[in-house]
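In case you want the letters, here they are:
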Amino acid sequence: RIEVELEGRARVYNMALGGRGPHHMLALLRSGEAEKIVEETPRVAVYWAIEDHVSRAAGLRYWDKNGPLFQVDADGGVRHAGSFAEALDPPPRDPAPTGLALIAWIVRDLTKVREHRRPADLPRWAAIVAASAVEVQERFPGCAFHALIDDTVGEKTDAMIAALTEQGVAVHRISDIVPGYL
């Protein structure tokens, strides 16, 4: 849509897939796959963050059992530590509920009650995004990296913005860019 609106003055690559998170972005960048996909030298890279990305980057989603697990070292560096299935004990369960459990699952989903995040999950997410920004700048010199935070839903976006700002990542609220977005 952006390409159409800009009437061909820019090329846009969308590397997002439903259910993925910033840990996939970092893995894609570190693997060198991004350079194979992007045909031009990019000027801007945009990461659109949603609140659930914090949980996804922590391995809390059943559909991503084999997703790349990144750990934050004592010095703040981010290293690949295998997959969630290899490292998490126990790995996330596939809900596939039946009977009364199905009703509880539907109620939980409808009321948006989610698991409790651990204290390290938000800093891990922010470190992964910051490491992705560094990878973008190293692999595509001169390319700016910006994070868009979908602050139209959820209650933890202020903490997400603070965590990314602390990491030195340029952050923008969707509500500031597109008033009335929701």
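Remember, predicted model here, so these are calculated numbers, not experimental data.

> Just give me the short version of the nonpolar core, but keep the residues and values in it.
Ranked by size, the top nonpolar core spans 31 residues in total, and within it Y47, W125, F145 and L164 carry the most contacts. Looking at this core, the elements with two or more residues in it are α2 (22-31), β1 (44-49), α4 (52-57), α7 (121-139), β4 (144-149) and α8 (157-166). If one sorts the elements of this core by residue count, α7 sits on top with nine residues. Ignoring any residue separated from it by four or fewer positions in sequence, one finds Y47 in contact with P22, M25, H53, W125, V129, F145, H146, A147 and L148.

> Which residues make up the pairing of β4, and what values do they have?
Strand direction decides the pairing type here: β1 and β4, joined by six bridges, are parallel. Directly across from Y47, in β4, lies its bridge partner A147. Looking at chain direction, β4 and strand β5 (residues 170-173) are connected through four bridges and run parallel. What sits directly across from I149, in β5, is R173. Handedness of the crossover is the feature at issue here: the chain leaves β4, passes through α8, returns alongside β5, and the resulting connection is right-handed.

> Break down the pattern of salt bridges for me, with residues and values.
Counting across every chain of the model gives 15 salt bridges. Between D121 and R118 there is a salt bridge whose closest N-O contact spans 3.2 Å. Relative accessible area serves as the criterion here: at 1%, D121 is assigned to the buried category. Taken together, the shared-partner salt bridges connect E3, R11, E39 and E40 into one network.

> Quick rundown of the packing of α7 against α8? Include the residues and the values.
Look at α7 against α8: their axes get within 9 Å of each other, and the N-to-C directions meet at 50°. Judged by the inter-axis angle, α7 sits oblique to α8. Regarding α7 and α8, the two cross each other, and that crossing is right-handed. On α8, the residues that touch L122, W125, A126 and V129 of α7 are A159, M160, A163 and L164. Class assignment for the residues of the contact of α7 with α8 results in eight nonpolar, no polar and no charged.

Conventions we followed
- Residues numbered from 1 in each chain as written.
- Predicted model: local features only at pLDDT ≥ 70, side-chain atom pairs only at ≥ 80, totals over all residues.
- Heavy atoms only, no water.
- Core = buried A, V, L, I, M, F, W, Y, C linked by side-chain atoms within 4.5 Å.
- Buried < 20%, exposed > 50% of the residue type's maximum accessible area, 1.4 Å probe, protein only.
- Helix = DSSP H or I, 4+ residues; strand = E, 2+ residues; numbered from the N terminus.
- Contact = heavy atoms within 4.5 Å.
- Pairing = 2+ DSSP bridges.
- Right-handed = clockwise from strand over helix to strand, strands pointing away.
- Salt bridge = Lys/Arg side-chain N within 4 Å of Asp/Glu carboxyl O.
- Axes fitted to C-alpha atoms, helices over the stretch in contact; angles between N-to-C directions.
- Parallel < 35°, antiparallel > 145°, perpendicular 65-115°, else oblique.
- Left-handed = near helix turned anticlockwise from the far one by under 90°.
- Nonpolar A, V, L, I, M, F, W, Y, C, P; charged D, E, K, R; others polar.

Keep in mind that these numbers describe shape and distance, not what the molecule does.
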